[in-house]
Amino acid sequence: GVDIGTTSIKICVLKNSKDGFTIECIDKKSYSESLLSDGYIIDSSFVASELKDMIARNNIKTKEAACALSSYSVISKKIAMPFLKEEELESNISIEVESVIPFPLKDIYYSYYVMGVAEEKQDMMDVQVVAAKKEIIDSYVKTFNGADLNLQLVDVDIFCLTNLIEMIYAPKDIAIVVADIGAS
């Protein structure tokens, strides 16, 4: 996993075993200048070069990578839709996305997740839609390609933290507070 922050790059390599995940490598490099501006990577070549150096310095062999965008770089909306089969949902979701995302479809990448039955309307399903401008995603893809990495997953930071907490602690009857205090 790679985290490109406002003023730092962080890398973490996990190994999956029967006992769960273990950290094989973790590294961070900080910078006095900003690496991001409004979610965009300012200098893809520089960040790619820095990633390559960190990978080499830590003797990381894998070329598969994942990253997360900052929550402020994406638009996330929960929408209620009639229950649809997967094929029907796939062909109808763009209409819903167009109605809740304030950018033309041609300018965004989006993904969705069926959350289940809508709480307020039992005959509907809740669908979480997440969208990001193509320029932002493309700047990450360009950077990872420049670092000879295969970007397999682009997620949203708060969803990553939530999933991690649920996986590790499996909270059921307790509340868990997560605070993410970044540079910007």
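Counting from 1, residues in each chain are numbered in the order their sequence is written. Predicted model: local features are reported for residues with pLDDT of at least 70 only, side-chain atom pairs are reported and counted for 80 or more only, and whole-chain, interface and lining totals are derived from all residues. The side-chain numbers reported here are obtained from all heavy atoms of the structure, hydrogens and water having been left aside.

A.B. asks: Could you give an account of the nonpolar core, with specific residues and numbers?
C.D. replies: Residues grouped as a nonpolar core are buried Ala, Val, Leu, Ile, Met, Phe, Trp, Tyr and Cys residues, joined through side-chain atoms within 4.5 Å. Using a 1.4 Å probe on the protein chains alone, a residue whose accessible area is under 20% of its type maximum counts as buried, one over 50% counts as exposed, and one in between counts as partly exposed. Of all hydrophobic cores here, the largest spans 30 residues; its most connected members are I4, I9, I11, Y140 and F144. We count a stretch as a helix when DSSP gives it H or I for four or more residues in a row; a strand needs E for two or more, and each element gets its number in order from the N terminus. Mapped by element, the contributors of at least two residues to this core are β1 (2-4), β2 (8-17), α1 (44-57), β6 (64-69), β9 (124-133), α3 (134-146) and β10 (150-156). Counting residues per element, this core draws most heavily on α1, which supplies five residues. Those residues in contact with I4 that lie beyond four places of it in its chain are L36, I41, V47, Y140, T143 and F144. In terms of nonpolar packing, the next biggest core, distinct from the first, is built from eleven residues, I79, L89, I101 and V127 among them. Contacts are residue-level and defined by heavy atoms, with any inter-residue pair within 4.5 Å sufficient.

A.B. asks: Tell me about the packing of α1 against α3, and please be specific about residues and values.
C.D. replies: The packing of two helices is summarised by the inter-axis angle and the distance between the axes. The convention used is that axes are lines fitted to C-alpha atoms, helices contributing only their stretch in contact, and that angles between N-to-C directions extend from 0 to 180 degrees. As a packed pair, α1 and α3 sit with axes 8 Å apart at the nearest point and diverge in direction by 45°. With respect to α3, the element α1 is oriented oblique. Pair α1 / α3 crosses with right-handed handedness. Residues S44, V47, A48, L51 and K52 of α1 lie in contact with α3, whose contacting residues are S139, K142, T143 and G146. Note that the term roughly parallel is reserved for angles under 35 degrees, roughly antiparallel for angles over 145, roughly perpendicular for angles of 65 to 115, and oblique for everything else. Handedness of a crossing is defined here by the sense of rotation of the near helix relative to the far one, left-handed for an anticlockwise turn of less than a right angle and right-handed for a clockwise turn.

A.B. asks: So, the pairing of β9: which residues are in play, and what are the values?
C.D. replies: With respect to burial, β9 is a largely interior element, nine of its ten residues being buried. Summarising the sheet, strand β7 (residues 74-82) and β9 pair through nine bridges and their orientation is antiparallel. By the bridge assignment for β9, A80 is matched with D126. Two strands pair if DSSP finds at least two bridges between them. Across nine bridges, strand β8 (residues 108-117) lies against β9 in antiparallel orientation. Pairing of Y112 across the sheet is with V129, part of β9. In sequence, β8 turns back onto β9 through a hairpin of six residues.

A.B. asks: An account of α1 is requested, with residue identities and associated values reported.
C.D. replies: Here the expected length of a helix is defined as 1.5 Å per residue gap, with one fewer gap than residues. For α1, with 14 residues, the first-to-last C-alpha span of 20 Å sits near the 20 Å given by 1.5 Å per residue. All buried positions along α1 are accounted for by S44, V47, A48, E50, L51, M54 and I55. In a view along the axis of α1, the buried residues occupy a sector of 160°, so they form one face of it. The outward face of α1, more than 90 degrees from its buried face, is lined by the exposed residues S45 and A56. Looking at the buried residues of α1, the elements they touch are β1, β2, β3 (20-30), β5 (40-41) and α3. Phi turns positive, to about 55°, at N59, one or two residues after α1. Comment: arc refers to directions from the helix axis out to C-beta atoms.

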